[in-house]
Amino acid sequence: MSLSDCKNGSNTPIFHNHLHSLHIAENYAKRPVRTFLDFRDTNVAKNLDIKHVPMLFFKNLQRISKIKVVSFLLGLTLTFFIMASYVLMWDKKGPLFTPSLYQLRPAAIPTSTTATRASSKKSPINVKVLVKLIKQEYTPRKVPDEKDVIATDSQLFSVIPRHFLPGIKSPCWYEEFSSKPGNDLYRRNLFKLRSKSFKTVCDRLRANFHQHLYHKDGKDFRLRCLPYFYIIGQPKCGTTDLFHRMLLHPEVKFNIMKEPHWWTRKRFGYIRFKDGFQESFPVEDYLDLFDLAAHNIQEGITGNSSGHHRALQLITGEASASTMWDNQAWSYLHADKEETEPPFLAQDFIHAVQPDAKIIIMLRDPVERLYSDYLYFKTANKSAEDFHQKVIESVQLFQSCVSEWSLRSCTYNTSLFNNMPVRLNLGMYIVFLLDWLSVFSKEQILVLRLEDYAANLKETIQKVFDFLSVGPLSQQVEAALTKQPMSNTRREEDRSLGPMLPATRNILRKFHQPFNRKLASLLDNKAFLWNNS
């Protein structure tokens, strides 16, 4: 349903905007205190050569009188005990050894299963308390000023103009072009270097590139376009299948890559955060993804296309399922700053460059979404029992966080996210949706359910096409669209594992219920309660 159809969305409370940190070093204070003179096993890595240190120390002590030795040792021991007592007191207060989870670089966080389970044993799940915490009242997110958004990425805003060409449906503009014929324009494109399918498209584009230039006053110009629509999430909610069916529409078919993940990761230099910083993908490389559509639109502008009017109605789009929720890059790039939440979200930048963008969101029962997510992304030793244990650990970690800090801060917290063995926070749809509504209007956002999409494909996808204001489908295309088999479905080996355990479902159902109620209230649609799933 489109948010513009909602009746009571404006009265829904918004999330409390205040971030604290999860105490990840709570057991530190219980460790035995060691002084310099305690040379028992200290769990030092075996490859460190320290065996000569104590020998050298005692050899030098032989030259000193016994009285001086005893005095020195007593003084040194007393000093270390005093220092150790301060360390223990500092740890209990938190500032020295418990940095903000958002500020802390994920590489520095203990993520071992043993440590997590040890912490979990001390924080049993109290469903009633947890639900009460989740039901807390929310205050609006503080939206940054546009000038501050622009100041963070001057290159992005120097490439994309403030206004787009009139008479063209997609957000396009002309960019002066000066490369000589024969040059490989896409030679250094980082998407091309990592995608064989896009490389094939680039080869086709390069072959007749100069035929699609616009000439004026002795200069050449190329048509550049941004996406007209964004399918922003969530993972394992049917976004892949929706995107590929949409490509069957003649006004949408010239889109190339489903998930570039540019707004959330690659423009910051990350492909997978666990692999660390690699190389920033420039905005020009991202715009190249829409050159196939731009070439066809240009043919419509010059009248070289037999259906030149329809060419002007072609729309661009992409479907990165990370766009709705993933703002982890800020914690990696700005770990030295004091911000306790991401100072800017992906939607701030999209709205700044393209305030009229169309946003499509596909959701499903968050309980089922999490199990599907686990089966898809975990590669070995999968089982319903393993999933159950990981759910318990994740809920306990989230409970520990939200018992001290705001719900919104825990939802976005990168270190907590990295510590949880399953991606529990991705099902807290209402948190992310409200933040998107802080910059985009209800009329610009269409929210769908995977359950409706699977039960009535034709009707649901027609809602999408109506939302995008694209022309009607021919009977032939409509038949092909509905007969196409579902894509990116559960693997056969994963199906053999069966459903999740009833106990797991019960825990997740209670956990997500408060979120679902707020979502259903905002959308004025009880189907988003997922009571019948």
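Preceding this section is the structure that the text describes.
Residues numbered from 1 in each chain as written. Predicted model: local features only at pLDDT ≥ 70, side-chain atom pairs only at ≥ 80, totals over all residues. Heavy atoms only, no water.

A. Fine view of the overall build of the chain. Along its length, the chain carries 24 helices and seven strands. Within the chain, buried positions represent 50% of all 533 residues. In the chain, once contacts between residues fewer than 6 apart in sequence are set aside, the share between residues at least 24 apart is 80%. Total accessible area on the chain stands at roughly 26,400 Å², and carbon and sulfur atoms take up 54% of it. (Helix = DSSP H or I, 4+ residues; strand = E, 2+ residues; numbered from the N terminus. Buried < 20%, exposed > 50% of the residue type's maximum accessible area, 1.4 Å probe, protein only. Contact = heavy atoms within 4.5 Å. Areas by Shrake-Rupley, 256 points an atom, 1.4 Å probe, with all protein chains shown as cover.)

B. View of the sheet that holds strand β5 (residues 317–318). Judged by pairing direction, the sheet is parallel, and its four strands sit side by side in the order β5-β4-β6-β7 without closing on themselves. Each edge of the sheet is formed by a strand with only one pairing partner; in this case those strands are β5 and β7 (445–449). Of the strand pairs in this sheet, strand β4 (residues 229–233) and β5 are connected by two bridges, and their pairing is parallel. Bridged to Y230 within β5 is E318. The sheet strands contacting helix α9 (residues 239–246) are β4, β5, β6 (358–363) and β7, and the helix crosses β4 at an angle near 160°. (Pairing = 2+ DSSP bridges. Axes fitted to C-alpha atoms, helices over the stretch in contact; angles between N-to-C directions.)

C. Quick look at the sheet that holds strand β2 (residues 214–216). Reading across the sheet, the three strands line up as β1-β3-β2 and stay open at both edges, with antiparallel pairing between neighbours. Each edge of the sheet is formed by a strand with only one pairing partner; in this case those strands are β1 (172–177) and β2. Averaged over all adjacent pairs, the angle separating strand axes in this sheet is 40°, with direction ignored. Where β1 and strand β3 (residues 219–225) come together, six bridges link them in antiparallel fashion.

D. Inspection of empty space enclosed by the protein at higher detail. Per the stated rule, a full pass over the model turns up five cavities of 30 Å³ or more. The volume enclosed by the largest cavity comes to roughly 70 Å³. Lining the largest cavity, in full, are W325, D326, N327, Q328, P342, T411, Y412, N413, T414, F417, N425 and F432. Those elements that place two or more of their residues in the lining of the largest cavity are α17 (407–412) and α18 (414–419). The class makeup of the residues in the lining of the largest cavity is five nonpolar, six polar and one charged. Approximately 60 Å³ is the volume found for the second largest cavity. As for the second largest cavity, its lining consists of F209, H212, L213, R222, L223, D291, A294, H295 and Q298. If you list the elements that add at least two residues to the lining of the second largest cavity, you get β3 and α11 (291–302). (1 Å grid on protein atoms, 1.4 Å probe; cavity = no way out; pocket = protein on both sides within 12 Å on 5 of 7 lines; lining within 4 Å. Points joined across faces, edges and corners; volume = space filled by probe spheres on them. Nonpolar A, V, L, I, M, F, W, Y, C, P; charged D, E, K, R; others polar.)

E. Fine view of unusual backbone geometry. Look at the link from G233 to Q234: it is a cis peptide, with omega at -5°. Checked against the element boundaries, Q234 lands in the loop between β4 and α9. One non-glycine residue, N381, lies in the positive phi region at around 55°. Mapped onto the secondary structure, N381 falls in the loop between α15 (366–377) and α16 (384–402). With a relative accessible area of 70%, N381 lands in the exposed category. You will see that W530, though not glycine, has its phi angle at about 55°, which is positive. Inspection of the secondary structure assignment puts W530 in the segment after α24 (502–523). Classification of W530 as buried rests on a relative accessible area of 2%.

F. Representation of the state of the cysteines within the structure. Scanning the entire structure with this criterion turns up two disulfides. Counting only the cysteines that form disulfides, in the order they appear in the chain, gives the pairing 1-2, 3-4. (Disulfide = S-S within 2.5 Å.)

G. Spotlight on the packing of aromatic side chains. If you walk through the whole model with that rule in mind, you get 29 aromatic pairs. Where Y371 meets Y374, the ring centres are 6.3 Å apart and the plane angle is 10°; that geometry is what we call stacked. Of this pair, Y371 and Y374 both sit in helix α15, three residues apart, roughly one helical turn. The class of Y371 is buried, set by a relative accessible area of 1%. Take Y374: its relative accessible area is 5%, and that puts it in the buried class. The structure contains a cluster of three or more aromatic residues connected by ring pairs, namely W262, W263, Y286 and F290. Across from the ring centre of W262, 5.8 Å away, lies the NZ or CZ of R267, which sits over that ring. Note that R423 overlies the ring of F377, its terminal NZ or CZ placed 4.6 Å from the centroid. (Phe/Tyr/Trp six-rings, centres within 6.5 Å; stacked < 30°, edge-to-face > 60°. Lys NZ or Arg CZ within 6 Å of the ring centre and 35° of its normal.)

H. Representation of the pattern of salt bridges within the structure. With the rule as written, the count across this model stands at 30 salt bridges. The shortest N-O distance in the salt bridge between R265 and D326 comes to 2.7 Å. Placement of the pair is R265 in the loop between α9 and α10 (283–288) and D326 in the loop between β5 and α13 (329–333), with a sequence separation of 61 residues. Each of the two residues, R265 as well as D326, counts as buried. The salt bridge partner of R491 is E493, with a shortest N-O separation of 3.9 Å. Taken together, the shared-partner salt bridges in this structure form one network comprising E175, R222, R224, D288 and D291. (Salt bridge = Lys/Arg side-chain N within 4 Å of Asp/Glu carboxyl O.)

I. Representation of the environment of D326 within the structure. Overall, D326 belongs to the buried group, its relative accessible area being 1%. Separated by 86 residues in sequence, D326 and Y412 have C-alpha atoms that sit 8.2 Å apart. Non-local contacts of D326, meaning those with residues more than four positions away in its chain, are made with T264, R265 and F273. One polar contact links D326 to R265, side chain to side chain, over a distance of 2.7 Å. (Polar contact = N/O pair within 3.5 Å; in protein donor to acceptor, adjacent residues only side chain to side chain.)

J. Inspection of the side chain of N413 at higher detail. Here N413 is to be found in the loop between α17 and α18. Given the relative accessible area of 1%, N413 is considered buried. Among the polar contacts listed, one links the side chain of N413 to the backbone nitrogen of S415, at a separation of 3.1 Å.

K. View of the nonpolar core. Judged by nonpolar contacts, the single largest core of 135 residues is most densely connected at L242, M246, I360, F398 and L468. Counting residues per element, this core draws most heavily on α16, at nine residues. Apart from residues lying up to four places away in sequence, F398 is in contact with L407, C410, T411, L416, M420, L424, M428 and F511. (Core = buried A, V, L, I, M, F, W, Y, C linked by side-chain atoms within 4.5 Å.)

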